[in-house]
Number of protein chains: 2
Amino acid sequence: MTITTPDPSRLTATQALALIRSNILTVETYARSLLSRIESRDEAVRAWAYLNPDYVLEQARKLDSVQFDERGPLHGLPVGVKDVIYTRDMPTEHNSPLYKDSHVPVDAAPVAILRAAGALIFGKTTTTEFASTTNGPATYNPHDQSRTPGGSSSGSGAAVADYQIPVALGTQTGGSTIRPGSFNGIYAVKPTWGAVSREGLKVYSLELDTVGVFARGVEDLEMILGVLGVSDYAVGGGIAFGGVQNAKFGLVKTSVWPQAGPGTIAAMEKAADILRLHGAIVEELELPPEFNNMPAWHATMMATDARTSFISEYQRDKTKISKHLTGYIENKEGYTRAQYIAALDGIASLRPQIDEIAGRYAALLTPSVPDEAPVGIQEMGNAAFCSMWTALHTPVVNIPGFQSENGLPIGVSLVAPRFKDQHLLTAAKEVGKLFEEEGGWKSSL
Amino acid sequence: MTITTPDPSRLTATQALALIRSNILTVETYARSLLSRIESRDEAVRAWAYLNPDYVLEQARKLDSVQFDERGPLHGLPVGVKDVIYTRDMPTEHNSPLYKDSHVPVDAAPVAILRAAGALIFGKTTTTEFASTTNGPATYNPHDQSRTPGGSSSGSGAAVADYQIPVALGTQTGGSTIRPGSFNGIYAVKPTWGAVSREGLKVYSLELDTVGVFARGVEDLEMILGVLGVSDYAVGGGIAFGGVQNAKFGLVKTSVWPQAGPGTIAAMEKAADILRLHGAIVEELELPPEFNNMPAWHATMMATDARTSFISEYQRDKTKISKHLTGYIENKEGYTRAQYIAALDGIASLRPQIDEIAGRYAALLTPSVPDEAPVGIQEMGNAAFCSMWTALHTPVVNIPGFQSENGLPIGVSLVAPRFKDQHLLTAAKEVGKLFEEEGGWKSSL
């Protein structure tokens, strides 16, 4: 076997681990290739909130010294971790002056699980303040430095797209995983709510916050979710996925479709065309009218939950919290108990409905974002197309492959019923191959 | 003003804080009285997982040195913290050998909020393993050393009852706050799910775990929940509470009533009689038949969520986890995705129903426990009467005052619609006065 690329940083996680397992690639060599890529690109991307190259190499050497028969399934896999997730050996600053240099020496559950499986926890990736505002960190879109990489998992999305790391963890409360997935032209999955432990993550909204994963291939997402314990249990309901040919997809524009720009409109059309060309049935469907309440219900839930979640920071020093968040905590919008409960119960009542609807198809096809990444890094873009699925708890995967008029990446989402994550990734793998080949966009990084 | 008791440890939190505010009692004197009580009683109760008297006194002196105009609303209030809740200055061991001597130096959100308000975080109280099993810690019921204090918040319940601390934090996933409240003859509140931040608590089940508070007076619970930010928002729906006279209570036996023993049956009868005697209307009501599914749904949710929550511990060393928990993680019961989703959605669909039903009354009156605390400290008793309300997210308060044939305390619960916690405590205050005076049980501690 020969290594087809001289630079391991270009490999997907699955490819790299195969080489490590075959003793063709050492963890240290792999880590050095990533550090070298970061060194050359960090000024242009700035994806890292914390990175200690010496410590990375020390860990890599330790991993290399482990006997092959004692290695876990992710042995040597470098993983970036969004800086709202605890890591025992690195600070967690939440992009907040209140947490400058704060280091809580414990691994969040997903970090502990990946580390126990042999992952090399590489560094912390940039985030918006507490993963809760739309004001981006000083991270650039690797495809166009004048644009945002999206957020709030800004650094995770940018670093994976820029070949600085094969896999990174993010979170999503509105669109914080799927949006940067789309803006950076990579795969990103928001699993079913509750399918991955969130212990050790900053709390914004308990019912919404979800761990997300970024990678450059669906196999990588499958591997990571598998290790994190995501399982379809005894799968029941819905349609088994046996390939795109004859599969039925439900095209859902949702009530926020008027916010779709030309890039997303074109991507959705092209996505449907490609699927049809390969023998799939793509059927546009309109969700029942109750689903039109989802954007308002999601906003009510997020704002009201923030009131509970950030009391402690507000007490400590409200001048060091963004106005956006203090607005929530002071309930500037005046949400009432009745509105909040209507949102909680309204959303809960639609979860079985969307399961039933999505279960009629191989997957639902829906936009990831309104359009390409906006110009500027102050605003991370809009979560309109994501927040509904976050609140409905369904798994969502962003599939890259399309492009805007400016040549920037645009992804589309596949959605499945709750706890059908494995099924969804099986479908995403086949669909992703087609979109990457025929969608028109290729990364030039 | 004179101190009517020479021993400050006998005071409720509200009483003690009034004396501290008036400069009649120092925090150090108060702390010393509690330490002295603990010294004399610890062998008989063993409520503390961690307690460092020198450190307590050091903190107390620091609090005494703070200018009066710079003091927070809880200045000098000693608070016990269940040992599944992070405290920056003390270990958190979860009663698990996997976490022996583990010290994560960060305050869980409720601890941070109380500390910022001036509370003296006193020590860690005993818990069952991860607050998730029914095997009690080696803590005795202070009223009868041959019996369990209940759990999983065993130490919090026992310490408050035994005058070792005025207020303690617990958690509840099944009945872990209300049950020890009843077994120890004290007040205990499980607020509405989501009303208090759970950041920094061990995760067992996201949809069920709730921070709980123990005290010897309802005023104390009101004060603590107020500081924790629990608010009825713009209260809408339900009946305002203007005293027991003419108030209407709904007596709910629930589908698990056959599990009620003679102590609880008598307590419920007496509770209804006392309320009627004071001019209230007590109306027995039967919940719609869907509510009969609640025990099975709660069990399904708890077991399935545990699968996700304890993967990391299971990976580290499954031989150091109790069989009860490994059974959940390995899904010995064979719960399927369909059963889990049916439980999630079934429970969610009943939340607005119970709000509507409870909203017709000043409060619902329902059992806290099947009976008095059982003999032995291996088994903490049964959560049958609590788990429904935990899953429904309604606030619940245990009111002491009744007794079993053996002279042990038995409490009953009041329940209100979600986010009517303040309303519930207002009602509990008036009802509690009557039950304490006329219910027949008095603490002999």
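Everything discussed here concerns the structure shown above.
Residues numbered from 1 in each chain as written. Chains lettered and ligands numbered in written order. Predicted model: local features only at pLDDT ≥ 70, side-chain atom pairs only at ≥ 80, totals over all residues. Heavy atoms only, no water.

Asker: Help me out: how do you make sense of the pattern of salt bridges in this one?
Answerer: All names here are of chain A. Per the stated rule, a full pass over the model turns up 47 salt bridges over all chains. Between Lys-100 and Glu-93 there is a salt bridge, with the nearest N and O atoms lying 4.0 Å from each other. The class of Glu-93 is buried, set by a relative accessible area of 17%. As a salt-bridge pair, Asp-355 and Arg-418 come within 2.8 Å of each other at their nearest N and O atoms. Separated by 63 residues along the polypeptide, Asp-355 in helix H12 (residues 337-358) and Arg-418 in the loop between strand S11 (409-415) and helix H14 (421-438) bring together distant segments of the chain. Via salt bridges that share partners, Arg-88, Asp-89, Asp-107 and Arg-115 belong to a single interconnected network. (Salt bridge = Lys/Arg side-chain N within 4 Å of Asp/Glu carboxyl O. Buried < 20%, exposed > 50% of the residue type's maximum accessible area, 1.4 Å probe, protein only. Helix = DSSP H or I, 4+ residues; strand = E, 2+ residues; numbered from the N terminus.)

Asker: I tried to follow the sheet that holds strand S2 (residues 78-82) of chain B on my own but got confused; where do I start?
Answerer: Strands in a sheet are paired, the pairing made by backbone hydrogen bonds, and the direction either parallel or antiparallel. All names here are of chain B. With mixed pairing, 11 strands are arranged side by side in an open sheet as S1-S3-S2-S4-S6-S5-S10-S11-S9-S7-S8. Here the strands that pair on one side only, and so sit at the sheet edges, are strand S1 (48-51) and strand S8 (281-284). Neighbour-to-neighbour, the strand axes of the sheet open up by a mean angle of 30 degrees, direction not taken into account. Both strand S7 (residues 248-251) and S8 contribute to a ladder of 4 bridges, which runs parallel. Following the sheet pairing, Lys-248 is matched in S8 by Ile-281. Contacts between helix H4 (residues 109-116) and the sheet are confined to S2, strand S3 (120-125), strand S4 (167-172) and strand S6 (210-215), with S4 contributing the most and set at about 160 degrees to the helix. (Pairing = 2+ DSSP bridges. Axes fitted to C-alpha atoms, helices over the stretch in contact; angles between N-to-C directions. Contact = heavy atoms within 4.5 Å.)

Asker: Explanation requested: the packing of aromatic side chains in the structure shown.
Answerer: For any two aromatic rings, the description comes down to two numbers: the centre-to-centre distance and the angle of the planes. Residues and elements named next belong to chain A. Applying the stated rule across the entire model yields 14 aromatic pairs over all chains. Relative to Phe-130, the ring of Tyr-99 lies with its centre 5.8 Å away and its plane at 90 degrees, an arrangement referred to as edge-to-face. Within this pair, whereas Tyr-99 is found in the loop between strand S2 (78-82) and helix H4 (109-116), its partner Phe-130 is found in the loop between strand S3 (120-125) and helix H5 (154-161), the two being separated by 31 residues in sequence. In this structure Tyr-99 comes out as buried when scored by relative accessible area, which is 13%. The exposure class assigned to Phe-130 is buried, which follows from its relative accessible area of 1%. Taken together, the ring pairs connect Tyr-99, Phe-130, Tyr-204 and Phe-310 into an aromatic cluster. Stacked on the ring of Tyr-99, the Lys or Arg Arg-316 has its end atom at 5.0 Å from the ring centre. (Phe/Tyr/Trp six-rings, centres within 6.5 Å; stacked < 30°, edge-to-face > 60°. Lys NZ or Arg CZ within 6 Å of the ring centre and 35° of its normal.)

Asker: I would appreciate a short explanation of the packing of helix H7 (residues 218-227) of chain B against helix H14 (residues 421-438) of chain B in the present structure.
Answerer: All names here are of chain B. Two elements in contact, H7 and H14, have axes whose closest approach is 9 Å; the angle formed by their N-to-C orientations is 165 degrees. The pairing of H7 with H14 is recorded here as roughly antiparallel in orientation. At the point where H7 passes H14, the crossing takes the left-handed sense. Each of Val-218, Glu-219, Leu-221, Glu-222 and Leu-225 in H7 lies in contact with H14, whose residues at this interface are Asp-421, Leu-425, Thr-426, Ala-428 and Lys-429. Here the contact of H7 with H14 is built from residues that sort into 5 nonpolar, 1 polar and 4 charged. (Parallel < 35°, antiparallel > 145°, perpendicular 65-115°, else oblique. Left-handed = near helix turned anticlockwise from the far one by under 90°. Nonpolar A, V, L, I, M, F, W, Y, C, P; charged D, E, K, R; others polar.)

Asker: Help me understand the relation of the copies chain B and chain A, please; the structure alone is not making it clear to me.
Answerer: The second copy of the chain is related to the first by a rotation about an axis and a shift along the axis. By a simple turn and slide, chain B fits onto chain A: the slide is 0.0 Å along the axis, the RMSD is 0.0 Å, and the turn is 180 degrees. Taken together, the turn and the small shift mark the pair as related by a two-fold rotation axis. (Least-squares fit on C-alpha atoms with pLDDT ≥ 70 in both.)

Asker: Looking at this structure, I do not really get the side chain of His393(A). What am I missing?
Answerer: Residues and elements named next belong to chain A. Tracing the chain through its elements places His-393 in the loop between helix H13 (384-392) and strand S10 (396-403). When its relative accessible area of 4% is taken as the criterion, His-393 is described as buried. At 3.3 Å, the side chain of His-393 forms a polar contact with the side chain of Arg-351. Those residues within four positions of His-393 in sequence are excluded, and the remaining contacts are Lys-190, Thr-192, Trp-193, Glu-207, Arg-351 and Arg-418. (Polar contact = N/O pair within 3.5 Å; in protein donor to acceptor, adjacent residues only side chain to side chain.)

Asker: How should the sheet that holds strand S9 (residues 363-367) of chain A be read in this particular structure?
Answerer: Residues and elements named next belong to chain A. The strand order across the open sheet formed by 11 strands is S1-S3-S2-S4-S6-S5-S10-S11-S9-S7-S8, and the pairing between neighbours is mixed. Each edge of the open sheet is held by one strand with a lone partner, namely strand S1 (48-51) and strand S8 (281-284). The mean inter-strand angle of the sheet, taken between neighbouring strand axes irrespective of direction, is 30 degrees. Strand direction decides the pairing type here: strand S5 (residues 187-190) and strand S6 (residues 210-215), joined by 3 bridges, are antiparallel.

Asker: In this structure, what is going on with the environment of Glu39(A)? I would like to understand it.
Answerer: Following the sequence through the fold, Glu39(A) ends up in helix H2 (residues 27-45). For the pair formed by Glu39(A) and Tyr335(A), sequence separation is 296 residues and the distance between their alpha carbons is 47 Å.

Asker: Sorry, what's going on with the packing of helix H8 (residues 262-277) of chain B against H14(B) here?
Answerer: Geometry of a packed helix pair, given as the angle between the helix axes and the separation of the axes. Residues and elements named next belong to chain B. Running from N to C, H8 and H14 cross one another at 115 degrees; their axes reach a closest spacing of 10 Å. In this view, H8 runs roughly perpendicular relative to H14, as classed from their interaxial angle. Here H8 runs over H14; the crossing is right-handed. In this structure, H8 contributes Lys-270, Ala-271, Ile-274, Leu-275 and Leu-277 to the contact, and H14 contributes Val-431, Leu-434, Phe-435 and Glu-438.

Treat this as a map of the structure, not an account of what it does.
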